[in-house]
There are 4 protein chains.
Amino acid sequence: MIIVMKRGATPLQIDRVIKHIEHAGMRCQVIDGTGWTALAALGDKGPANLDTLDGVDKVVPLGLPYQLAGAGPDRLPTTLQVRNLALGAGRIAVIAGPCSVESRQQILDIAHLVREAGATGLRGGAFKPRTSPYSFQGMGERGLELLAEARTQTGLAVVTEVMAPEQVAIVARYADVLQVGARNMRNYPLLVTAGESGLPILLKRGFSATMEEFLLAAEYILKTGNARVMLCERGIRTFEDHTRFTLALASVPYLHETTHLPVVVDPSHGTGKASLVAPMALAAVAAGADGLLVEVHADPAAALSDGFQALVPAGFRQMMADCRKVAAALGKTL
Amino acid sequence: MIIVMKRGATPLQIDRVIKHIEHAGMRCQVIDGTGWTALAALGDKGPANLDTLDGVDKVVPLGLPYQLAGAGPDRLPTTLQVRNLALGAGRIAVIAGPCSVESRQQILDIAHLVREAGATGLRGGAFKPRTSPYSFQGMGERGLELLAEARTQTGLAVVTEVMAPEQVAIVARYADVLQVGARNMRNYPLLVTAGESGLPILLKRGFSATMEEFLLAAEYILKTGNARVMLCERGIRTFEDHTRFTLALASVPYLHETTHLPVVVDPSHGTGKASLVAPMALAAVAAGADGLLVEVHADPAAALSDGFQALVPAGFRQMMADCRKVAAALGKTL
Amino acid sequence: MIIVMKRGATPLQIDRVIKHIEHAGMRCQVIDGTGWTALAALGDKGPANLDTLDGVDKVVPLGLPYQLAGAGPDRLPTTLQVRNLALGAGRIAVIAGPCSVESRQQILDIAHLVREAGATGLRGGAFKPRTSPYSFQGMGERGLELLAEARTQTGLAVVTEVMAPEQVAIVARYADVLQVGARNMRNYPLLVTAGESGLPILLKRGFSATMEEFLLAAEYILKTGNARVMLCERGIRTFEDHTRFTLALASVPYLHETTHLPVVVDPSHGTGKASLVAPMALAAVAAGADGLLVEVHADPAAALSDGFQALVPAGFRQMMADCRKVAAALGKTL
Amino acid sequence: MIIVMKRGATPLQIDRVIKHIEHAGMRCQVIDGTGWTALAALGDKGPANLDTLDGVDKVVPLGLPYQLAGAGPDRLPTTLQVRNLALGAGRIAVIAGPCSVESRQQILDIAHLVREAGATGLRGGAFKPRTSPYSFQGMGERGLELLAEARTQTGLAVVTEVMAPEQVAIVARYADVLQVGARNMRNYPLLVTAGESGLPILLKRGFSATMEEFLLAAEYILKTGNARVMLCERGIRTFEDHTRFTLALASVPYLHETTHLPVVVDPSHGTGKASLVAPMALAAVAAGADGLLVEVHADPAAALSDGFQALVPAGFRQMMADCRKVAAALGKTL
């Protein structure tokens, strides 16, 4: 790390920082700039609160904080295959379905519909994190059973959310991929327990997470020995008020530079408005996304949650057709 | 709720929305403006996805979403007393201590120190949510035992964080107040389990939570029958880069208008910089805060977590003296 | 507009608001919900500070605030043609060039290069708004002369920034399109003076502007009688720190729903990182952008401003080839 | 500056950066960390686009970017006195008045009222920057004449906004202090022209300006030789929707550490809600503000602009009384 001293730091203050660095078992290199002084702390040991010392302006941490998630010259991009759901190496996966599982008929109908349109994954919440305690909270285990039945009929891989460590065992019994939602990206006990299930994890970016925090959350999972992690950009909270969130698509190419993990985009939550979903799905494919997570509902006006951002079947089919064209133009398949 | 139609919505579209409202058991009142049309849906029933219908521009929800947390002409501000820790009705409580419990000597020393300076609550993390899996994760149950010992010696009320539903039982065995951290404000299973413990809850605002989301999180706890909830403003994530978070103090008077629950401010996390903590503690008292949550460490440079935002003992004593003066000037005690 | 009363507003307070509405020449319609009361003010007259009255919770303005910029069933999307630069109706224009005009050789070389790669507009700053007074501030009128010479040689339309009302006359003498930069989106005297020049205006979104504020800034120009306005999404300021700004691409389809004006995207400022520019240019085309504004420099390491976000010539040619493929896949030309 | 190389940067890439540094006349010091390499560029010369070179991860600029605005061991805090308006050295100034000058009677009445309550400055806009071209744009020069008349009657120093370089001469004829509004913080030609007037400048922070950008805007003024600059925190744009802006009060102590210029707080724009103004004014005083800028209107419901955030006379008097108590408690006068 590099420690930048304040303008006017005294020799005594500088000396104290040097001693601190050396006391922690690191070597110190002094850098005398014009009008500034910095100190480099060299060695393996971790941070040592140097920013608490008098005369220190700021500390620039160096070295990669996410050792397992980071890209490297020696690391190929991770590809994933779960049933027919395949991501990476030029293949783009579409995971589609309703926000929540609402009934047997609903989930079976949608599952057939999205499979026919080309999806390989089925989304649908059985345990739902809802902002209000008075909103529909999901069907629970019965919803999981229905998802499994839909899988049996269609061959789609089931992607569904898990909200607490003690739910992991039951959700893992039915799901092909565990989703950790945006609200739980910093729920570290959940990340660890989900990781230990051994199932692939779809990790959604927190509303207000930086890329470093997002990758460190992935690191929690990878550290359990589970290497099958998909990152999902789903929009961040900003001052914008014409969309539910701001879909920050530049995170797609940025993550491809920074990590070997595949990147999925959720244009449904990312916009919160059905009419904007298809254009942003196209944009995600063009930006290099390895997958899409899209909400589809046969009758959004009757949905029990988030109907406002669900595509109707015809809209979903059109989106798929257009995404396939853009993918093909860039030499990929979807 | 009120449904605003798009400019140029057709009579057919308007008619369909009216039918939808009536089908849901609500009455519909048409409002014909100059250049706009709106529809009011009157009745008890909840939302019905009206924003998914063609021709609808937006839906304005009305009525109070947080029925238990909301202020009202008939509701007095909630006051709380746990051991000597008393908030509300002109009394300002200070909860102080280290970020993490690090050793027996450390926590006992700080406990005595903050009590002598006037604090009535002791903070200190035993289970620590950390952004990186490689950071110190807390002492666990041993930390809780040490907190309890510090309480025995000082009489301070112990406030400590719980991170997962399955930790609630063990933390509740030692703590006087359960803290739900900012990262877990949307961890709904945790809110419910913590609420069911019956202990007072210090609920921190999420980094990116609106006031409505914050109050709905409190509502999850109140709905369990546990009325002893303190709200804690601890800073939000914005574009500012000179502080760790942006401490949004206007939430203090806003919450006093909107809810009957007491409001605590955490100037340590809210700024992330030791030199800014005391001025913001003073500002919080002046803005009407019912309590302060402050990090204090005898030797910040040796802290195992967040040393950069901890006050040293002398700084804490000075802050307490100044806060007492401001409180007195406004007719309160601290 | 609709006025929502607070829970517990008294009949007297409601009555006072009604009187206020009627006094302003509007009619008032009372809406009695379950647990809430709202009042609709009907008529042509503008707002009347109703939010200052006791018992009022909030005012929901209705009607379109941007009458000239707004889309409507009777309004075709605006297309623009300036020399060979054509936007709209399926044609995507690329405006490329350096951040600043730096020398005769530099601008002529880049102009030829971008034209050969397919651009129809040439960007380049002569008057530069710079965050620091110590940074390069542009070549001034000499820069404009060089842009005009580049136009003579290449036929490219010249797009260049104007920073103050008194610069409009001189910049208008050389430019084909006046650019109003993000920092000046709320510089209303500049918007009016630039509009009155009669030249097409490229209006960039402010760092922190909502869509409504952006369209109202366009309205300032349109109100001068100048209908040739292009809107440019160039990224907003958020908490993200891995890019210079957050490129909010959902504004492209949103603006296409909301206004008849064409939409240009600037992936260079929108990311601030050369390696992210091409993927985001592709994403912008896929999202439906009518144009791209891209920084290109023959030797970014020698640039006098913003070299870090400029494409090198080979990178620009590759971006153009890929954008052409995506445009073709969606039935457009670039 | 310090240049951090990417993990896996090749010796050739490192060598090229070193050559670049030396070619620019700087010396280069190599820092070999564990798993990382950094290069320090030493010498007077400015940046050289090193972030555009292959293998460079990021550049950490060092040295103070705002040489005139920066605090230093040798620089006393700036105090200002204009008529009776005095800031700094323990004196807190209150500048109060309506958003806009609306009529002779209105401004004279308010001027007398705020003076009697203890204000020493009179605010009031004659040239108004308004988001919509259809809103009231101010009385222009007639408004300035009325402000001057109010000054003659009350002795208050007149603080009023200037929106364009060509308005500076006329506004300077009447005003005691020129206000540069938040929308114009990055209007560099205006900063220079206003600075050259020689009058004291009240510079408001832009909605989305970092502290560094704010201080660099002040530097534009200071560089004209005009040392009488007041910085005004007036709230930033964030995701919060219960207030108009987020009043970031930690900027007060931060600016006191970082610059010698006095700091004024505007709780009216900073909250946009009359009921929150007084608590935030108190908080600003407690946080160390040198001045307050407050909107007051005798009849907010009849105001031509921003009535929703104006205090009524009784509210203003109460705020002054309370602020005086808090100031006294901290050893200051107001």
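Conventions used here
- Residue numbers restart at each chain and count upward from 1, following the sequence in its written direction.
- Chain labels run from A onward and ligand labels from 1 onward, assigned in the order the entries are written.
- The predicted origin of the model limits local features to residues at a pLDDT of at least 70 and limits the giving and counting of side-chain atom pairs to 80 or more, whereas totals for whole chains, interfaces and linings rest on all residues.
- The basis for every side-chain value is the complete set of non-hydrogen atoms in the structure, without hydrogens or water.
- Least-squares superposition aligns the copies on the C-alpha atoms of those residues with pLDDT at or above 70 in both.
- In what follows, a contact means two residues having at least one pair of non-hydrogen atoms within 4.5 Å.
- Pairing between strands is defined by DSSP: at least two bridges between them are needed.
- Elements are defined by DSSP. Helices are runs of H or I of four residues or more, strands are runs of E of two residues or more, and each kind is numbered from the N terminus.
- Here an angle of 0 to 180 degrees is reported between the N-to-C directions of two axes, which are lines fitted to C-alpha atoms, with helices fitted over the stretch in contact.
- One speaks of a salt bridge when a side-chain nitrogen belonging to Lys or Arg is within 4 Å of a carboxyl oxygen belonging to Asp or Glu.
- Residue burial is assigned from relative accessible area. The probe radius is 1.4 Å, only protein chains are included, and a residue is buried under 20% of its type maximum, exposed over 50%, and partly exposed in between.
- Once two parts are joined, some of their accessible surface, as seen by a 1.4 Å probe, is lost; buried area is that loss totalled over both.
- By the criterion applied in these results, polar contacts are pairs of N or O atoms within 3.5 Å in which, for protein atoms, one can donate a hydrogen and the other can accept it, and in which residues neighboring in sequence qualify only through two side-chain atoms.

## Looking at the relation of the copies chain B and chain A
Working step 1: Here chain B sits on chain A after a turn of 180 degrees about the axis and a move of 0.0 Å along it, with an RMSD of 0.0 Å. The operation mapping one copy onto its partner corresponds to a two-fold rotation axis. Every residue of chain B has its C-alpha some distance from the rotation axis, and the shortest such distance is that of Ser208(B), at 3.0 Å.
Working step 2: Here 100% of the interface residues in chain B have copies in chain A that are interface residues too; the copies meet face to matching face.

## Remarks on the sheet that holds strand β10 (residues 177–180) of chain B
Residue and element names in this part refer to chain B.
Working step 1: Taken together, 8 strands build a closed barrel; the order of strands is β7-β8-β9-β10-β11-β12-β13-β14 and the barrel is parallel. Direction aside, neighbouring strands of the sheet carry axes that sit 25 degrees apart on average.
Working step 2: Pairing of β10 with strand β11 (residues 201–204) involves 3 bridges; the strand directions are parallel. Bridge assignment links valine 180 to a residue of β11, and that residue is leucine 203.
Working step 3: Helix α7 (residues 251–258) rests against β12 (229–233) and β13 (263–265) of the sheet, and its axis sits at about 170 degrees to β13.

## Description of the pattern of salt bridges
Working step 1: The tally for this structure, following the rule as stated, stands at 60 salt bridges over all chains.
Working step 2: For Asp15(B), the salt bridge goes to Lys19(B), with nearest N and O atoms at 2.9 Å. With Asp15(B) and Lys19(B) both in helix α1 (residues 11–23) and 4 residues apart, the pair spans about one turn of that helix.
Working step 3: With relative accessibility at 36%, the residue Asp15(B) sits in the partly exposed group.
Working step 4: The exposure class of Lys19(B) is exposed, given its relative accessible area of 52%.
Working step 5: With its nearest N and O atoms 3.1 Å apart, the salt bridge here joins Glu257(D) to Lys273(B). One end of the pair, Glu257(D), is in helix α7 (residues 251–258); the other, Lys273(B), is in the loop between α8 (267–271) and α9 (274–287), on a second chain.
Working step 6: When its relative accessible area of 34% is taken as the criterion, Glu257(D) is described as partly exposed.
Working step 7: The class of Lys273(B) is partly exposed, set by a relative accessible area of 25%.
Working step 8: What you see here is one network of salt bridges that share partners, running through Arg83(A), Arg151(A) and Asp176(A).

## Let's talk about the sheet that holds strand β3 (residues 37–42) of chain A
All names here are of chain A.
Working step 1: Pairing in this open sheet of 4 strands is antiparallel, and the strands run β2-β3-β1-β4 from one edge to the other. Lying at the two open borders of the sheet, with one neighbouring strand each, are β2 (27–32) and β4 (56–60). The sheet shows a mean angle of 20 degrees between the axes of neighbouring strands, direction not considered.
Working step 2: Across the face of the sheet, helix α1 (residues 11–23) comes into contact with β1 (2–5), β2, β3 and β4 while running at roughly 10 degrees to β3.

## As for the interface of chain C and chain B
Working step 1: With 29 residues of chain C at the contact, the number on the chain B side is 30 residues.
Working step 2: Here chain C packs against chain B, burying approximately 2100 Å² in sum over the two surfaces, 65% of which is carbon and sulfur.
Working step 3: The largest share of the area that chain C buries against chain B comes from Arg7(C), Trp36(C) and Leu62(C), three residues that together contribute 27% of it.
Working step 4: Counting across the interface, chain C meets chain B through 0 salt bridges.
Working step 5: Remark: the boundary between chain C and chain B carries 4 residue pairs in polar contact (both at pLDDT 80 or more).
Working step 6: Put simply, the parts of the chain that give the side of chain C that touches chain B at least two residues each are β1 (2–5), β2 (27–32), β3 (37–42) and β4 (56–60) of chain C.

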